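This is what each chain is made of:
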Amino acid sequence: MKTLLRLFGLLASLYITRVCGEPWPYPMDKTIIGDLVFLGYDGRKSPITFETMGWTSDILEDAFDRYKSILLDPRSHMEYEMNVTAPEKLMDGANRIDKVVVYVQTYDQTLDIFTSETYSLRVDSPTIVITSQTVYGAVRALETLAQSCHVLKRVSWKKRLGHHHHHHHHHHDEHVFENVIVLNETAIYDSPRFRHRGLMVDTARHFLPIHVLKTHLDAMVMTKMNVLHWHMTDDESFPFVSEEVPELAEAGAFGPAMQYTGDEIEDVIRYAHKRGIRVIVEIDSPGHTGSFAKSHPEMMISCGKASDQKGYPSMSPAAEETYDVMWRLFREVARIFPDRALHFGGDEIDDACWKHSSKMKEAGFDTSRAVAYHVERLMEFTSTLGKVPVIWGDLFDRLMSDSHHDTMNNNSILPPTTIVQLWTWNKDLSKESDASYWLQALKRITKTHRAILSSPWYINLASKGTESWKEYWSVEPLDFEAGLDQKDMVLGGEAVAWGEHIDATNSITATWPLAAAVGERLWSPESLTDIKSAQSRIDRVHCRMLARGIQAAPVQPGECPLITTRGHDASYDDIRAMTAVSISDRIVEQLTHYFRMNSIALKTSLAGCSKRVSIPIGTHRTGPRLCTTTTRTKTCLYSGNGSTGGDDVSTPAVAIAVAGLALSPIVFWSEYTLATTGSGLPPGPGGALGAAEGISYLASVGIVAWSLKTKVQTGSGLPAGPSGLVGAAEGVSYLAVLGGLIAAGVSTLS
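Here goes a summary of the coordinates provided. No experiment lies behind these values; they were computed from the predicted model shown.

**Focus on the overall build of the chain**
Within the chain, the secondary structure is distributed over 26 helices and 20 strands. Taking all 750 residues of the chain together, the buried fraction comes to 54%. Taking as baseline every contact in the chain between residues at least 6 positions apart, the subset at least 24 positions apart corresponds to 78%. Within the structure as shown, the chain displays about 31,700 Å² of accessible surface, and the carbon and sulfur contribution to it stands at 56%.

Structural data, given as structure tokens:
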């Protein structure tokens, strides 16, 4: 009883059972069954082990590696800067967790809409037991486990040494433990409410580097979202490097460095698959296809002033070339993206444009006949390729309303397997609320077809300074009158982040943790409606993401324990360096991508850029993008606009390009210090920054980051160099070259 009371006191003083060990999204059923137990502390001799009973796989082994480092790293949990006198039992062997045992019941690693993600998790010292039907359920369980832990910064424990006959009192032997990772003995049974819990990213309005897509996937794992909907192409650009139709990206991408090769896409798909996330590609048509016109004008109708859609051309159903190109594209995409679903868009078709087209009149197409014909042709492709078609909701409405005066039977156009993604909302709010508008639309769609809801979850429209996440979280997707069988046609939903105002610099902060609200709504039980508890928990989502290196934005005032207690304590230097590593890694990745893609394009396009050049330092994280202030396009360096061609590259242009590349560490460094200190330039001894001082800073940061990075990768503290070992001289010379480039860059600019 005494121990219980003491434990109660401990919990009350920490305020942790209520706030910290609460996973997001909240599990279906969670019961605390016992005491606090500990996983580890600084210097623990025998760390926990992972074991599999039942089926194992590379997916599971990979998850063990990831979660072992998360679970045992005090920096990835909430931290409490306080001295705690532990209850006598806490540091006993009896309360120690020694192993995590995972029992996966089936070997099937298929990942689709029917994949089970159900799991049970039981923390009961000395063992944590996870049971799941599939490996993906086990991955979800490991994330819940990671989110159930927290850290006691310093625990003092008086060990009672027993009673001596000579003395009439007990002896105590005091021990102090640092960074004790604890959690409650808990039983959790969990299963998602909806099967499709997605995030849509748009890589056509702005190119998003691979590392940004992977960071989104990391955040999705943390919020148990399981579909990345990749809106790959649009009017503005066509970044997919197709082997079948290479000219589409050659002419349609923003530039050679702003393209995705098949290998890079497969890398993203593999990364997602290991985390139980499906990747569904969207190639939108017949509208939103302006980027096709640059290489295939014959399959387009130019719209000009007649257009509803900003004057971009539209695809022509009257041209047979349209379907030749689309078939080759679909065939290739179906091979690269293993998921059964293939999204072909169909939204915002430009009626005005088609009406004025002589091509369409000659072919005898009115608009509704043309839409039906286009959809029918693409449906033939998807069924030949064994794919499940996904379309936007306004195309569904259009086909349904046209069907009664059309000779074609509409149901034959839209196979029953078709999934409809609802995005529209009510334009005229005087008539009915937004919610009742899309709820009625869902009701209409689910009478015949499966649906995905996106209307209330437009992340890119979240107003700054408001608490949009509360609106997202409070949505109830099934709040319409229908039978259970019809409601089951709602597969789930997607948070959508359209890219007009989102690029690599703000993609993560604009999306997270806002999308987490959608993730919880689609996973947790309908009965979860207490917004007050959600408010304290979503703060934790933000903090956890920061702790794992995801630059999520805050949703309300307050500080993360990890960051506020960091202070200037030397033991946290390595955390900062780790942040530096993750950012510098990305710069390296971008530069290698950049040079691999096309060094000739760099030369020719520089010729057109030798006028006035502004290098926006500290604003673009998308790689060394040089923009002329004289031309309107913002991707002069890549696209070669105004190029005089040939190898006639002016010297200042080359110097500036080199400077731009050399300056990327300064950009990273300036942004990094902005993030950590609130000031854009690193504070130097004299408050100002001379070039020499800068180089020495960079040299030290570089060495620390570099050593840490290789430690992470190879387990050895020294970086592996060309010959397998790097001598100090070699390291210094590398850094000197970098420093020299930066100095050259600075002098060129001034």
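**Some details on the nonpolar core**
If you look at the biggest cluster of nonpolar residues, it comprises 142 residues, and the most contacted ones within it are Phe292, Phe337 and Trp512. The contacts of phenylalanine 337, once residues within four sequence positions are left out, are Trp230, Met232, Ile265, Ile269, Val279, Val281 and Lys387. Leu36, Phe38, Leu152 and Val182 belong to the second-largest nonpolar core, a separate cluster that totals ten residues.

**Here's the deal with the packing of aromatic side chains**
The full count for this structure, using the stated rule, is 14 aromatic pairs. Taking the centre distance of 4.9 Å and the plane angle of 35° together, the rings of phenylalanine 50 and phenylalanine 64 count as tilted. Of this pair, phenylalanine 50 sits in strand 2 (residues 49–54) while phenylalanine 64 sits in helix 3 (residues 58–72), and the two are 14 residues apart along the sequence. Like phenylalanine 50, the residue phenylalanine 64 is buried in the burial classification.

**A look at the pattern of salt bridges**
Taken as a whole and assessed by the stated rule, the structure comprises 27 salt bridges. In this structure, the salt-bridge partner of aspartate 62 is arginine 66, at a minimum N-O distance of 2.8 Å. Taken as a pair, aspartate 62 and arginine 66 lie in helix 3 at a separation of four residues, close to a single helical turn. Look at aspartate 62 and you get partly exposed, because its relative accessible area is 21%. For arginine 66, a relative accessible area of 18% corresponds to the buried category. The residue arginine 331 makes a salt bridge to glutamate 244 at a minimum N-O spacing of 2.8 Å. Remark: glutamate 244 occurs in the loop between strand 10 (227–231) and helix 6 (247–252) and arginine 331 occurs in helix 8 (residues 320–336); sequence separation between them is 87 residues. On the basis of relative accessibility, which here comes to 35%, the residue arginine 331 falls in the partly exposed class. Each of the salt bridges in this network shares a partner with another, and the network as a whole consists of Asp202, Arg205, Asp234, Glu236 and Glu500.

**Notes on the environment of glutamate 348**
Relative to the assigned elements, glutamate 348 resides in the loop between strand 14 (341–343) and helix 9 (351–355). Relative accessible area serves as the criterion here: at 27%, glutamate 348 is assigned to the partly exposed category. For the pair glutamate 348 and glycine 287, spaced 61 residues apart in sequence, the C-alpha to C-alpha distance is 6.3 Å.

**Focus: the pairing of strand 18 (residues 490–497)**
For strand 18, the tally of buried residues reaches eight of eight residues, placing the bulk of the element in the interior. Note: strand 9 (residues 196–202) against strand 18, six bridges, orientation parallel. Paired with methionine 200 across the bridge in strand 18 is valine 496.

**Observations regarding the side chain of glutamine 486**
Within the secondary structure, glutamine 486 is located in helix 16 (residues 484–487). Beyond its immediate sequence surroundings of up to four residues, glutamine 486 is in contact with Lys443, Thr446, Lys447 and Phe480.

**Focus on the packing of helix 8 against helix 11 (residues 367–384)**
For the pair helix 8 and helix 11, interaxial distance at closest approach is 11 Å and the crossing angle is 30°. Comparing their axes, helix 11 and helix 8 come out roughly parallel. The hand of the helix 8/helix 11 crossing is right-handed. Here helix 8 contributes Glu320, Tyr323, Met326, Trp327 and Phe330 to the contact with helix 11, which in turn contributes Tyr373, His374, Arg377, Leu378, Phe381, Thr382 and Thr384. Within the contact of helix 8 with helix 11, the residues separate by chemical class into seven nonpolar, three polar and two charged.

**Let's talk about empty space enclosed by the protein**
Under the definition given, this model contains ten cavities of 30 Å³ or more. In this structure, the largest cavity occupies an estimated 100 Å³ of space. Taken together, twelve residues line the largest cavity, and the ones lying closest to its centre are Gly21, Lys30, Ser148, Asn184 and Thr186. The greatest single-element share of the lining of the largest cavity, amounting to four residues, is contributed by strand 8 (residues 170–190).

What counts, and at which threshold
- Residues numbered from 1 in each chain as written.
- Predicted model: local features only at pLDDT ≥ 70, side-chain atom pairs only at ≥ 80, totals over all residues.
- Heavy atoms only, no water.
- Helix = DSSP H or I, 4+ residues; strand = E, 2+ residues; numbered from the N terminus.
- Buried < 20%, exposed > 50% of the residue type's maximum accessible area, 1.4 Å probe, protein only.
- Contact = heavy atoms within 4.5 Å.
- Areas by Shrake-Rupley, 256 points an atom, 1.4 Å probe, with all protein chains shown as cover.
- Core = buried A, V, L, I, M, F, W, Y, C linked by side-chain atoms within 4.5 Å.
- Phe/Tyr/Trp six-rings, centres within 6.5 Å; stacked < 30°, edge-to-face > 60°.
- Salt bridge = Lys/Arg side-chain N within 4 Å of Asp/Glu carboxyl O.
- Pairing = 2+ DSSP bridges.
- Axes fitted to C-alpha atoms, helices over the stretch in contact; angles between N-to-C directions.
- Parallel < 35°, antiparallel > 145°, perpendicular 65-115°, else oblique.
- Left-handed = near helix turned anticlockwise from the far one by under 90°.
- Nonpolar A, V, L, I, M, F, W, Y, C, P; charged D, E, K, R; others polar.
- 1 Å grid on protein atoms, 1.4 Å probe; cavity = no way out; pocket = protein on both sides within 12 Å on 5 of 7 lines; lining within 4 Å.
- Points joined across faces, edges and corners; volume = space filled by probe spheres on them.

So, to be careful, I would describe these as geometric facts and stop short of saying anything about function.
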